[in-house]
Each structure stands twice: as structure tokens, then as C-alpha cells.
Amino acid sequence: MPIDLQAPLSLADPEIAAQIAFEAERQHDGLEMIASENFVSRAVLEATGTVFTNKYAEGYPGKRYYGGCEFADVIENIARDRARRIFGADHVNVQPHSGSQANAAAYMTLIQTGDTILGLDLAHGGHLTHGHKLNFSGKLYRIVPYQVSRETERINYDELEAIARRENPKVIVGGGSAYPRVWDFERMRSIADAVGAYLMVDMAHFAGLVAGGVHPSPVPHAHMVTTTTHKTLRGPRSGMAMCKAEFAQGLDRSVFPGQQGGPLMHVVAAKAVAFQEALQPEFHTYSQQTVNNARALAEALRGEGYRIVSGGTDTHLLLVDVFAKGMLGSEAEAALGKAGITVNKNAIPYDTNPPLKPSGVRFGTPALTTRGMREGEMRRIAGWIAEALTHRADDTCLRAIHKQVSALAEEFPLYGWLRQPVDEREMVLAD
Ligand SMILES: *Cc1c(COP(=O)(O)O)cnc(C)c1O
């Protein structure tokens, strides 16, 4: 078959096009409650799928290793300026391909291999890149974990300070993937100063809440701040790093050539578009609603008899101890999936069950809030969650809940313009 370079995807590769269409339908039809996911705007989606995917732009604006970067330079400068305006950082690097690569570059800037990193234990809400033994972080650096307190399930800063004084870390890392409470960045900085360590905050999860002004900002306190751009920040799947002026040159060198080659300029363009959205007053409203929704969901689930880890949430996510109600997180995840509610199983602090069959489920509200859902919808959804978990072995019941879930989803349409052409293409294929 000759390659037709002008053919639209639907004709060039119907097999792949069909799966993309199914995915758009899946995203529309279900309730996306994975705390690290969101739905980007049409504008962000469009920017991601552009001719910048063709462009090599190794280096930085004005100092590239390739010709033809005049438009790439404009885009990267705009992205950096907007990010600086959102977060008030001295310096921003918008090139990291992902949150993990932003972290790799951040460590490379601040410390040497073999140095000690003090990070939140993965089993207590941390992240792989904060020191899992199979991750680069655990292999290149000496990792000392800190944990949340058994009673409050929150970080005990006195204990963190005691560990820091004992272990002499070069970097203290704040932030995580399943910690539902705000962090005390000021206290963390004073602990770091007391032991001569740098403070690095990985705000991958809550960056959008910081941008929206509903979560304290780590930027004034931390030497280095890293993030993803696709979680609460609602941009394309990617990363970013920010730092104090003294680390600017080091950070840029650590990203390129330290960790990466050419930046993904189509994704940098999409980041710029997302940052413009985050600068609008509506983004504050969105972020506040995301947090209000998480609180409403936590309260409603508590009303259904579920134990919420740490007693609630300050952010967009909550951890629910389903083992206390007699099931594993994996069982709960599977049952909710059948009911059209997408979540992930998650370890809870001091979990007595293994990581693949943990005791908890993590719920997040960023994606549903983007669709326009509010507290009333959260309470209805909590009712379905409780019903689905009670009847987790009853497929008929789970199917019946899925019907109600789909009806609610239909009231908050997603990517309507993408769903229309599915029919058109089917007509073309049927010809
Ligand atoms: C999601 C996340 C990351 C990594 O992001 P990727 O883009 O998947 O590499 C890093 N740190 C934290 C705390 C995260 O939650």
C-alpha cells in the first residue's frame, strides 16, 4: 500500500484512529476520578497536535543548535514568561518532557550522585522519583524516607527535623502523589536551613491549586520547584522546573544537555496555551471548585461509613481506607471500573497489605470539575460509589449504576466536536 502523506488519520490508519475515537468516547462516558488526570481544553489539544512536532530546537531561545528556530524561540519565551507570571519564580525551564525528568534535572543541579535525599516515603504518599529503589533516584542517591504520623496521618515536622539533623541530607523534598493535606513550606525551609540542605518541592499534583491561589505556594521558600503540567494545572502531559536565580544556569544545563536532547516544541506550545488559561480569573474559580468538590466527596463518603485518611482533604484528592470496610483497594478499583467510575488503588499510611493489593483507593476531582460538576454531583457520585462497593460482586447492580453514571456524564459533555466525526468516519468507512 503506498503511503499517502496527505490522507487524514481516519483513512491512513483506521485501526489506530478507531482506538483514539473509542478513547474519546471512554473519557466522555465515564467518571474520571484518577487524581492525577484532567481534561485539557480544545486549544491545548490543538497546540499539541501541530507541526512543531517536526522541529528540533536543542538549546534555548537565542542559543539553539539548529536553524529555523525563530518561531520556536517566540513560543518558548512566551511559555517561560507566562509560567514566571503564574508562580512568581525567578527562573523557569519549560523543556522537561515529564515530571520525572524535571526531578532528575533538579537533583542533578543541586547535588552529586551518592548524596542524601530526604523524601516522603512512597508508601506514605511520596513519588517513585523521591527515592524508590528501582527508580533512578533510588539508584543514584542515598535515600532517607520520612513518613506521616500514625495518629494524624499528616507530616510531623518535628520528626522530619529530627531525621534531618540525624541524617544530614543535601536535599529535602516536599510534595507527593497521595498526600491530601497542605504542606508547611516555611517550616520545611527552616529545617533545610538548619541542616544546610536545599529545599526542593515537587508540586506535580497541586501546581494548579497554587496557580489558582487556593494552595500555599512553595516558590518563595524552595530553592527548586518541579512540577508536571498535566495534573491540576490542566496542560499537556509534560513537566517544568523553577528555581532561584542562583541555580538558573545550572538548571538549564541539567535539563539540556544533562537529561534531554531536543525539547518537544509542540508540547511547549501547548504548555504556553495552558499557562495563559491558568492566568485567567476563571482558573481561580476552577481551582476553588476542585477543592470544594474534594471536600464534598470526602464528607459524603464519610457519611456512607468510610474512613478518610487524615480525616479529610485540603486539596483535590482524598484517600479512602476501603480495607476498614472489608475489601482491598484492588477489589474496589475493579468494582468501580465496572460502574463507570475510574480510580486507582493506593497504599494508605502504615498499610498492612502489599502494594499491588493495598488497603486504599485514591479519588481526585480535577477532571470532573473541569467538566463543570459541583458539590451536588459529588454527593450523587458518593452514593453510587458506596452502592457499587457494597454490591461489588453483583455485576447486574454494577451495570445498573454504570447506566446512571453515563446519564450524568451525558449532562456534562466532553470533547463534543471530537465525538461528532466518529459517525462521519463510520460513513466514510462504510462506503
Ligand atoms: C505525577 C508525579 C510525577 C511524575 O510525573 P510524570 O510526568 O509521570 O513523570 C513526579 N512527582 C510527583 C509528586 C507526581 O505526582
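Please refer to the structure placed before this passage.
Owing to the predicted nature of the structure, the values given are computational and were not obtained by experimental measurement.

S.K.: I keep staring at the layout of surface pockets and nothing clicks. Help me out?
M.R.: Where empty space is left can be seen by rolling a probe of water-molecule size over the atoms. Taken as a whole, the largest pocket spans an internal volume of roughly 1200 Å³. Considering the residues around the largest pocket, the lining is formed by 34 residues, among which Ile-20, Ala-24, Leu-45, Tyr-415 and Leu-418 are closest to the centre. Looking at the lining of the largest pocket, the elements that each hand over two or more residues are α1 (9–12), α2 (14–29), α3 (42–48) and α17 (416–430). For the lining of the largest pocket, the leading source of residues is α2, giving eight residues. Residues from two domains meet in the lining of the largest pocket; each of domain 1 (28–36 + 281–423) and domain 2 (47–278) gives at least three. Reported here for the second largest pocket is a volume of approximately 610 Å³. In terms of lining residues, the second largest pocket is bounded by 26 residues, among which Leu-122, Lys-345, Asn-346, Ala-347 and Pro-355 are the most central.

S.K.: When you look at the pattern of salt bridges in this model, what are you seeing that I'm missing?
M.R.: Where charged atoms from two side chains of opposite charge come close, those side chains can pair. On inspection of all chains with the given rule, the structure shows 19 salt bridges. One salt bridge connects Glu-25 with Arg-419, and the closest N-O pair in it is separated by 2.8 Å. Taken together, the residues Glu-25 in helix α2 and Arg-419 in helix α17 connect sequence positions 394 residues apart. Under the relative-accessibility criterion, Arg-419 is labelled buried at 17%. Note that Glu-153 is salt-bridged to Arg-307, the shortest N-O span being 2.9 Å. Here Arg-307 lies in strand β11 (residues 307–308) and Glu-153 lies in the loop between β6 (142–146) and α7 (157–167), a separation of 154 residues in the sequence.

S.K.: Please clarify how the side chain of Thr-315 should be interpreted in this entry.
M.R.: Structurally, Thr-315 is set in the loop between β11 and β12 (317–321). There is a polar contact of 3.3 Å between the side chain of Thr-315 and the backbone nitrogen of Leu-317.

S.K.: Help me out: how do you make sense of the packing of helix α13 (residues 329–338) against helix α15 (residues 375–390) in this one?
M.R.: For the pair α13 and α15, interaxial distance at closest approach is 9 Å and the crossing angle is 115 degrees. Read as a crossing pair, α13 and α15 show a hand that is right-handed. Of α15, the residues touching α13 (which contributes Ala-332, Ala-335 and Leu-336) are Ile-385, Ala-388 and Leu-389.

S.K.: Looking at this model, I keep getting lost on the sheet that holds β12. Mind explaining?
M.R.: Each strand in a sheet pairs with another by means of backbone hydrogen bonds, the pair being arranged parallel or else antiparallel. With antiparallel pairing, the four strands of this open sheet are ordered in space as β11-β12-β15-β14. Strands with a single pairing partner mark the edges of an open sheet, and in this sheet they are β11 and β14 (344–346). For β14 and strand β15 (residues 360–364), the ladder comprises three bridges, and the chain directions are antiparallel. Bridge assignment links Asn-346 to a residue of β15, and that residue is Gly-360. Here helix α12 (residues 281–303) sits on the sheet in contact with β11, β12 and β15, set at roughly 15 degrees to β12.

S.K.: Would you mind showing me how to read the pairing of strand β8 (residues 198–202) here?
M.R.: If a strand is regular, its side chains alternate between the two faces of the sheet. Burial runs high along β8: four of the five residues are buried. In this structure, strand β7 (residues 171–174) lies alongside β8, joined through four bridges in parallel fashion. In the strand pairing of β8, Gly-174 is matched with Val-201.

S.K.: Please explain empty space enclosed by the protein as it appears in this structure.
M.R.: All chains considered together, the criterion is met by two cavities of 30 Å³ or more. Empty space within the largest cavity amounts to approximately 40 Å³. Considering the residues around the largest cavity, the lining is formed by Gly-176, Tyr-179, Arg-181, Trp-183, His-205, Phe-206, Thr-315, His-316 and Leu-317. Looking at the lining of the largest cavity residue by residue, the classes come out as four nonpolar, four polar and one charged. Two domains each put at least three residues into the lining of the largest cavity: domain 1 (28–36 + 281–423) and domain 2 (47–278). One number sums up the size of the second largest cavity: a volume of about 30 Å³. Around the second largest cavity sit His-124, Val-148, Glu-153, Ala-178, Tyr-179, Pro-180, Val-309, Leu-319 and Pro-349, which together line it. Of the residues in the lining of the second largest cavity, the class split is seven nonpolar, one polar and one charged. When we break the lining of the second largest cavity down by domain, the ones giving at least three residues each are domain 1 (28–36 + 281–423) and domain 2 (47–278).

S.K.: Looking at this model, I keep getting lost on a nonpolar patch on the surface. Mind explaining?
M.R.: On the surface, a cluster of nonpolar side chains totalling about 270 Å² of accessible area is made up of Leu-9, Ile-16 and Ile-20. Position of Ile-20 among the secondary structure elements: in helix α2.

S.K.: Just checking my understanding: could you explain the nonpolar core for this structure?
M.R.: One finds Phe-87, Tyr-146, Ile-172, Trp-183, Met-203 and Met-240 to be the most contacted residues of the largest nonpolar core, which totals 55 residues. Two domains each donate at least three residues to this core, and these are domain 1 (28–36 + 281–423) and domain 2 (47–278). Discounting residues that sit within four places of it in the chain, Ile-172 has contacts with Leu-118, Ala-164, Met-188, Ile-191, Ala-192, Val-195, Ala-197, Tyr-198, Leu-199 and Met-200. Core analysis: the second largest hydrophobic core is formed by 38 residues, Met-33, Ala-296, Ala-298 and Val-361 among them.

S.K.: Would you explain helix α10 (residues 248–259) in this entry?
M.R.: An α-helical turn contains 3.6 residues, so a residue and the one three or four places further along point in the same direction. If you check α10, its first and last C-alpha atoms are 15 Å apart, about what twelve residues at 1.5 Å a residue would give, namely 16 Å. Turning to α10, its buried residues number three or more, namely Ala-248, Leu-251, Asp-252, Ser-254, Val-255 and Phe-256. Projection of α10 onto a plane perpendicular to its axis shows the buried side chains occupying an angular sector of 160 degrees, all on one side. In α10, those exposed residues whose orientation departs by more than 90 degrees from the buried face are Gln-249, Arg-253 and Pro-257. Close packing links the buried residues of α10 with β2 (59–60), β4 (91–93), α5 (99–110), β9 (224–228) and β10 (239–243).

Reading the values: rules and limits
Along each chain, numbering runs from 1 in the same order as the chain's sequence is written. Given that this is a predicted model, residues contribute local features only at a pLDDT of at least 70 and side-chain atom pairs are listed and counted only at 80 or more, while totals for whole chains, interfaces and linings are drawn from all residues. Hydrogens and water molecules were not included; the side-chain quantities draw on all heavy atoms of the structure. As defined here, a cavity is a set of points on a 1 Å grid over the protein atoms alone where a 1.4 Å probe fits but cannot get out. A pocket is an open set with protein on both sides within 12 Å along at least five of seven lines, and residues line them when an atom is within 4 Å of a point. Grid points are joined across faces, edges and corners, and a volume is the space filled by probe spheres set on the points. Counting from the N terminus, the helices are DSSP H or I runs at least four residues long and the strands are E runs at least two residues long. Note that the domain bounds were set by an automatic or database domain assignment. Here, a salt bridge means any side-chain nitrogen of Lys or Arg that lies within 4 Å of a carboxyl oxygen of Asp or Glu. Relative accessible area decides the class of each residue, using a 1.4 Å probe on protein chains only: under 20% of the type maximum gives buried, over 50% gives exposed, and in between gives partly exposed. N or O atoms closer than or at 3.5 Å make up a polar contact, with two conditions inside protein: a donor-capable atom paired with an acceptor-capable one, and, for residues adjacent in sequence, both atoms drawn from side chains. To get an axis, a line is fitted to the C-alpha atoms, and for a helix only the part in contact is used. The angle between two axes follows their N-to-C directions and goes from 0 to 180 degrees. By convention the crossing between two helices is left-handed if the near helix lies anticlockwise of the far one by an angle smaller than a right angle, and right-handed if it lies clockwise. The contact criterion used throughout is that any non-hydrogen atoms of two residues lie within 4.5 Å. At least two bridges found by DSSP between two strands are what make those strands a pair. Under the scheme applied, nonpolar residues are Ala, Val, Leu, Ile, Met, Phe, Trp, Tyr, Cys and Pro; charged residues are Asp, Glu, Lys and Arg; polar residues are all the others, including Gly. By definition, no residue in a patch forms a salt bridge, and every one has over 30% relative accessible area; like charges are joined within 9 Å, nonpolar side chains (Val, Leu, Ile, Met, Phe, Trp, Tyr) within 5 Å. Residue burial considers only the protein chains on display, and all accessible areas are found by Shrake-Rupley using a 1.4 Å probe. Buried residues of nine kinds, namely Ala, Val, Leu, Ile, Met, Phe, Trp, Tyr and Cys, make up a nonpolar core once their side-chain atoms join them within 4.5 Å. A helix's residues, less one, multiplied by 1.5 Å, set its expected span. Note: the arc covers the axis-to-C-beta directions of the helix.

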